[in-house]
Amino acid sequence: MRFRIAAYTPGQEAQIVALISSIQRTEFGIDITPQQQPDLQSIPSFYQTGAGNFWVALADSAVVGTIALKDIGAGDAALRKMFVEPRWRGRDAGVAYALLQTLLDWARQQRVSRIYLGTTAKFFAAHRFYEKNGFVAIAKETLPATFPLMDVDSKFYRLLLSSARSR
């Protein structure tokens, strides 16, 4: 199974929304609609500003994974919208790891110091993945005021990038 990682380009919205919505609603039973996620309708203005960006994993031209970095100021960024189609998950496929490494390489180039993320208590595999990749669980109260909270988020993580001090 071959794939490539590329920065988002206009025209991929329908596939991105379909992938993310399917995983949220069908796989995890999270009652959230695409309309409740307006960032997916305005990816360039929401994510591709400042130190932010949005990437897709593509198998041929099909979107099989997504990840985004939202610049939230002061050297901080939020990891958002990390989703991988079920058959492309796992160490053997390597999609999640490749998406995360692309985001981390970009963040370092952009001089991001800290990356925060929120997820739901239901995403156990995601918790393990983030922890294996250096993210540390933190209390909600320690998030920066600029962190974009989602109603469904109940577990939070932080990653300090090289030479960054803890906050």
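Everything below is about the structure shown above.
Residues numbered from 1 in each chain as written. Predicted model: local features only at pLDDT ≥ 70, side-chain atom pairs only at ≥ 80, totals over all residues. Heavy atoms only, no water.

Can you walk me through the sheet that holds strand β3 (residues 62–73) in this structure?
By way of backbone hydrogen bonds, the strands of a sheet pair with one another, either parallel or antiparallel. What the seven strands build is an open sheet, ordered β1-β2-β3-β4-β5-β7-β6; its pairing is mixed. Edge positions in the sheet fall to β1 (4–7) and β6 (136–138), since each of these pairs with one other strand and no more. Strand-to-strand twist across the sheet, computed as the mean angle between neighbouring axes with direction ignored, equals 30°. One ladder, built from six bridges, connects strand β5 (residues 114–119) with strand β7 (residues 155–160); its direction is antiparallel. When the bridges of β7 are listed, Tyr-116 appears paired with Arg-158. Contacts between helix α4 (residues 124–132) and the sheet are confined to β4 (76–84), β5 and β7, with β7 contributing the most and set at about 20° to the helix. (Pairing = 2+ DSSP bridges. Helix = DSSP H or I, 4+ residues; strand = E, 2+ residues; numbered from the N terminus. Axes fitted to C-alpha atoms, helices over the stretch in contact; angles between N-to-C directions. Contact = heavy atoms within 4.5 Å.)

Is there a simple way to think about the packing of aromatic side chains in this case?
Here a ring pair, both rings aromatic, is described through the centre-centre distance and the interplanar angle of the planes. Per the counting criterion, the structure on display carries 10 aromatic pairs. Here Tyr-8 and Phe-54 contribute two aromatic rings whose centre-to-centre distance is 6.1 Å and whose plane-to-plane angle is 75°, an arrangement assigned as edge-to-face. With Tyr-8 in the loop between β1 and α1 (13–27) and Phe-54 in strand β2 (residues 53–59), this pair connects stretches of sequence that are 46 residues apart. Looking at Phe-54, the relative accessible area reads 0%, which means it is buried. Ring geometry for Trp-55 against Trp-106: centres 5.9 Å apart, planes inclined by 75°, an arrangement best described as edge-to-face. Here the residue Trp-55 occupies a position in strand β2, and Trp-106 occupies one in helix α3 (residues 95–109), the gap between them amounting to 51 residues. Overall, the relative accessible area of 24% leaves Trp-106 in the partly exposed class. Here the aromatic residues Tyr-8, Phe-46, Tyr-47 and Phe-54 are joined through ring pairs into a cluster of three or more. When the ring centre of Phe-46 is taken as reference, the NZ or CZ atom of Lys-70 above it lies at 4.2 Å. (Phe/Tyr/Trp six-rings, centres within 6.5 Å; stacked < 30°, edge-to-face > 60°. Buried < 20%, exposed > 50% of the residue type's maximum accessible area, 1.4 Å probe, protein only. Lys NZ or Arg CZ within 6 Å of the ring centre and 35° of its normal.)

Help me out: how do you make sense of the pattern of salt bridges in this one?
Any two side chains of opposite charge can pair if their charged atoms end up close together. Counted by the stated rule, this structure contains six salt bridges. Notably, a salt bridge pairs Arg-25 with Asp-31, separated by 3.3 Å at the nearest N-O pair. Relative accessible area serves as the criterion here: at 38%, Arg-25 is assigned to the partly exposed category. Judged by relative accessible area, Asp-31 falls into the exposed class, the value being 65%. (Salt bridge = Lys/Arg side-chain N within 4 Å of Asp/Glu carboxyl O.)

Before we go on, may I ask you to explain α1 in this structure?
Because an α-helix packs 3.6 residues into every turn, residues spaced three or four apart end up facing the same way. In a regular helix each residue adds 1.5 Å, so 15 residues correspond to 21 Å; α1 covers 20 Å between its end C-alpha atoms and thus fits that length. Buried residues of α1: Ile-16, Val-17, Leu-19, Ile-20, Ser-21, Ile-23 and Gln-24, and no others. Tucked inside the fold, the buried residues of α1 contact α2 (43–46), β2, β3 and β4. At the exit of α1 stands Gly-29, carrying a positive phi of roughly 65°. (Expected span 1.5 Å × (residues − 1).)

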